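Structural characterization, general
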Amino acid sequence: MADRPLAPRGGIEPHAGMLNAPAADQLLYKMMAVDNLLRSVRDSYFHFNRVDHYTDFSGADPNDGGQLPRDLSGNEGVRFEKTPQFSAADYYARSRSRTYACCFSLENSEFIWANYANGCDKGKVCIVFEFGKIRETLNRTLEAGNATLLCNGAQCRQIFNINYGTVSYVDWESHQGNVPYLPNPLAYTYLKGKAFAEEKELRISLSALGMGHFAMADGRSMEFPSSLQMGFDFRTAMANGTIRQVLRSSDCDGAFLQTEMEKFGIAPAPGSDSP
């Protein structure tokens, strides 16, 4: 039996040329429930949602990463020569199911405080990051030789591309993105309807190839879960300035948060809220 071809390795910002990234000193604002922050600090990870699974909070975009309505018929009409039953629309849908995002805002706005990270009885916080430093950290994590992908406990080839870009907000019903050429699947990950413009979002994406299927060494098919965790050391980030501040909501239990953070060896940084 012929050996299966190896899946292409994931790359570092292979699509940077088609995306808009801010300046390195741009501040990014991420809302987190206190309990989610403590889990992330304890286990050293960033949480990425699969873009077709953003349904876990009020106001989530059900079309996140999806094809534009005006693109659908054209995409469905394009077929692959060797697999005519498989259309460009199928390719985009499969790519969407293999794409994950971690989301930030470019502004510390009333909108993000009102709409995100609700429902925790200990309140919420806004983590302030410096874009250039978080980009450098995550790229270094995924460089060849540094990254390990675990699937159902098994170590696998690292297949995800990492990219960074600001989201463009368009008239969802009338905008067309597949003329004169079919777009790269990642383009849909960085488009949203104008109804979401107040998010002023920057997103970090992890995306795998939308063609074919991925199998592990033992022959099992690789599944793409609804979320992924990517290694990120919050303690180091707070020490080296990647995280600039931790700001608390008015209902945040500041004493609880500080006590729990001190268990990880983390004390309030200058400019952060104190209980």
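Refer to the preceding data block for the structure.
What you see is a predicted model; the values in this text were computed from it and never measured.

Reading the values: rules and limits
Residues numbered from 1 in each chain as written. Predicted model: local features only at pLDDT ≥ 70, side-chain atom pairs only at ≥ 80, totals over all residues. Heavy atoms only, no water. Helix = DSSP H or I, 4+ residues; strand = E, 2+ residues; numbered from the N terminus. Buried < 20%, exposed > 50% of the residue type's maximum accessible area, 1.4 Å probe, protein only. Contact = heavy atoms within 4.5 Å. Areas by Shrake-Rupley, 256 points an atom, 1.4 Å probe, with all protein chains shown as cover. 1 Å grid on protein atoms, 1.4 Å probe; cavity = no way out; pocket = protein on both sides within 12 Å on 5 of 7 lines; lining within 4 Å. Points joined across faces, edges and corners; volume = space filled by probe spheres on them. Nonpolar A, V, L, I, M, F, W, Y, C, P; charged D, E, K, R; others polar. Core = buried A, V, L, I, M, F, W, Y, C linked by side-chain atoms within 4.5 Å. Polar contact = N/O pair within 3.5 Å; in protein donor to acceptor, adjacent residues only side chain to side chain. Phe/Tyr/Trp six-rings, centres within 6.5 Å; stacked < 30°, edge-to-face > 60°. Lys NZ or Arg CZ within 6 Å of the ring centre and 35° of its normal. Salt bridge = Lys/Arg side-chain N within 4 Å of Asp/Glu carboxyl O. Expected span 1.5 Å × (residues − 1).

What to know about the overall build of the protein chain
Looking only at helices and strands, the protein chain features eight helices and 12 strands. The burial tally for the protein chain puts 47% of its 275 residues in the buried class. Considering only residue pairs separated by 6 or more positions, the protein chain has 82% of its internal contacts joining residues 24 or more positions apart. Accessible surface, the protein chain: about 14,100 Å² in total, of which carbon and sulfur atoms supply 49%.

Observations regarding empty space enclosed by the protein
A full pass over the atoms with the stated rule returns one cavity of 30 Å³ or more. Of the voids in this model, the largest cavity is the one considered here, and its volume is about 40 Å³. Those elements that provide at least two residues to the lining of the largest cavity are α3 (88-96) and α6 (186-189). Of all the elements, α3 adds the most residues to the lining of the largest cavity, at three residues. Looking at side-chain class alone, the lining of the largest cavity contains three nonpolar, four polar and one charged residues.

Examining the nonpolar core
Where a protein is soluble and globular, its nonpolar side chains tend to be buried together. In this structure, Phe46 and Phe129 are the most contacted members of the largest nonpolar core, which totals 46 residues. Ignoring sequence-local partners within four residues, the contact set of phenylalanine 129 consists of Gln26, Leu27, Leu28, Lys30, Phe46, Phe104, Ile134, Phe232, Phe234, Thr242 and Ile243. Ranked by size, the runner-up nonpolar core spans nine residues in total, among them Ala88, Tyr91, Val170 and Leu191.

Details of the environment of glutamine 85
Note on placement: glutamine 85 falls in the loop between α2 (69-77) and α3. Here glutamine 85 falls in the exposed class, since its relative accessible area comes to 59%. Residues in contact with glutamine 85, not counting those within four places in the same chain, are Arg79 and Asp90.

A short note on the side chain of serine 249
By secondary structure assignment, the location of serine 249 is in the loop between β12 (243-248) and α8 (254-263). In terms of polar contacts, serine 249 uses its side chain to reach the side chain of aspartate 251, at 2.5 Å. Not counting residues within four places of it along the chain, the set of residues in contact with serine 249 comprises Trp113, Gly123 and Lys124.

Regarding the packing of aromatic side chains
The final tally for this structure, using the stated rule, is 15 aromatic pairs. Between tyrosine 91 and tyrosine 92, the aromatic rings sit 5.7 Å apart at their centres with planes inclined by 35 degrees, giving tilted as the arrangement. Grouping residues by exposure puts tyrosine 91 and tyrosine 92 together as buried. Taken together, Phe46, Phe104, Phe129, Phe232 and Phe234 form an aromatic cluster joined through their ring pairs. If you follow lysine 122 out to its NZ or CZ, it ends over the ring of phenylalanine 256, 4.5 Å from the centre.

Let's talk about the environment of glutamate 198
In this structure, glutamate 198 sits in the loop between β9 (191-193) and β10 (201-207). Each residue touching glutamate 198, except ones within four places of it in the same chain, is listed here: Ser109 and Phe111.

So, the pattern of salt bridges
Under the counting rule described, the total for this entry stands at 12 salt bridges. As a salt-bridge pair, arginine 42 and aspartate 43 come within 3.0 Å of each other at their nearest N and O atoms. Here the salt bridges do not stand alone but share partners, grouping Asp64, Lys192, Glu199, Glu201 and Arg203 into one network.

Some details on helix α5 (residues 131-142)
Between the first and last C-alpha of α5 there are 17 Å, a value that for 12 residues agrees with the 16 Å anticipated at 1.5 Å per step. Buried within α5 are the following residues: Phe131, Gly132, Ile134, Thr137, Leu138, Asn139 and Leu142.

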